[in-house]
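# Working through the structure, step by step
Listed here are the chains, written in short residue letters.
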Amino acid sequence: MRGKQLGHWGRAIAAALGVGLAAGVAAAQPARSAPAGTPPAAPPPAETPLAESLTGMARAEHGAGAALFDDGDYAGALARYERAYELSRDHRLLWKVALCQKNLRRYAKMIATLRRMEAEAGAALSARDKQDIADLIKAAGAFVSFLEITSSEPGAAVFVDDEPVGTTPLAAPVPIDIGERRIRVSKPGFVDFVRQEKVVGGDSVALVARLDRTVHRGRLAIAAGQDDLIAIDGKVVGKGRWEGSVQSGTHALRVTAPGMTPHEAQILVRDDERRRIDVSLERAAQRGGASKWLWIGGGAAIFAGALVAGSLLFEPGTPAEQGSLGTVPLGFGGRR
């Protein structure tokens, strides 16, 4: 990119900030005459204007952005210029993006845009271009502070007012606008580090973000009978009533008492949830008594059946044959 084009936009932004650039002063000095006999330098090739070099939707978005900018709608113009840049990747558009951000008083974003342009344009920037960028960043320094974060965890995302600005460790201090700012450092599996900071211009904000691992826990409360034993995951934890912190997930509950039917259940406890379980045990069935009465009732039924069978096998007045099996006499009846 030619320094002429870049310098024009750079000086426009700096003038709007009320700061004179040394480059502008130097440009105003009379040019030194070339030594006698030196052939005149060939003029640099003319650069195609931005509006003409863009094509398709990028050109249309640029035109819409220019119209909105002239009408004072800097937010609308910013959106159009950013869209045109996404479509064309012409870094000259970033100057217009930066100017919109300046008019919206988003100085931190303006600095970030200038740094982005410097990184992406690379060799396309002249020495004059690079000096303009450095002067603009310096001029905007009075309207921002620079955030430095030391984090206990690498790879954590850094947010300012819920907008991502980088990942720990930060490659460089991040510019943030003056005013009340919400700074958050977040990483999966860890509790967010959050601070509300009052930011003043021309200063730095240094924070140490210690991230603690997330502990997924809830609370479980069990209410049972006065003498009931309460066990969680196979371990007795109380009698009658118990409440405590448990890890999130499913837990095995068992409540027991002498002479009562045990109560068993699987209890799901979610993060930060309090589960209350009421248990009322039922009296266990008397297995011995029931067997006794079943034996008695069964014996009576067998005896009654024997009487009926005897009445069928023997007729009145017919003597029965006598026999024995061991010491128990058995009678077999029948006709002779």
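Conventions used here
- Residues numbered from 1 in each chain as written.
- Predicted model: local features only at pLDDT ≥ 70, side-chain atom pairs only at ≥ 80, totals over all residues.
- Heavy atoms only, no water.
- Helix = DSSP H or I, 4+ residues; strand = E, 2+ residues; numbered from the N terminus.
- Buried < 20%, exposed > 50% of the residue type's maximum accessible area, 1.4 Å probe, protein only.
- Axes fitted to C-alpha atoms, helices over the stretch in contact; angles between N-to-C directions.
- Parallel < 35°, antiparallel > 145°, perpendicular 65-115°, else oblique.
- Left-handed = near helix turned anticlockwise from the far one by under 90°.
- Contact = heavy atoms within 4.5 Å.
- Nonpolar A, V, L, I, M, F, W, Y, C, P; charged D, E, K, R; others polar.
- pLDDT = per-residue confidence, 0-100.
- Expected span 1.5 Å × (residues − 1).

### What to know about unusual backbone geometry
In this structure, Pro169 follows Thr168 across a cis peptide bond, with omega equal to -5°. Along the chain, the position of Pro169 falls in the loop between strand 3 (163-167) and strand 4 (174-177). Positioned with a positive phi, Asp161 is a non-glycine residue whose angle comes to about 55°. Inspection of the secondary structure assignment puts Asp161 in the loop between strand 2 (157-160) and strand 3. Residue classification places Asp161 among the partly exposed residues on the basis of a relative accessible area of 34%. Unusually for a residue other than glycine, Asp272 sits at a positive phi of about 60°. Relative to the helices and strands, Asp272 resides in the loop between strand 13 (263-269) and strand 14 (274-278). For Asp272, a relative accessible area of 76% puts it in the exposed group.

### Comments concerning the packing of helix 7 (residues 107-121) against helix 8 (residues 127-140)
As a packed pair, helix 7 and helix 8 sit with axes 10 Å apart at the nearest point and diverge in direction by 165°. In this view, helix 7 runs roughly antiparallel relative to helix 8, as classed from their interaxial angle. Between helix 7 and helix 8 lies a crossing of left-handed hand. In contact with Met110, Ile111, Leu114, Arg115, Met117 and Glu118 of helix 7, helix 8 contributes Ile133, Leu136, Ile137 and Ala140. Tallied by class, the residues present in the contact of helix 7 with helix 8 amount to 8 nonpolar, no polar and 2 charged.

### A look at the confidence of the model for the protein
Considering every residue of the protein, the mean pLDDT works out to 79; 71% of them sit at 70 or more. Taken as a whole, residues 1-5 scores under 50 in pLDDT and shows 15 contacts with residues more than four places along the chain or in a different chain.

### Some points on helix 5 (residues 74-88)
Over its 15 residues, helix 5 extends 21 Å from the first C-alpha to the last, a length consistent with the 21 Å expected when each residue adds 1.5 Å. Those residues of helix 5 not exposed but buried are Gly76, Ala77, Leu78, Tyr81, Ala84 and Tyr85.

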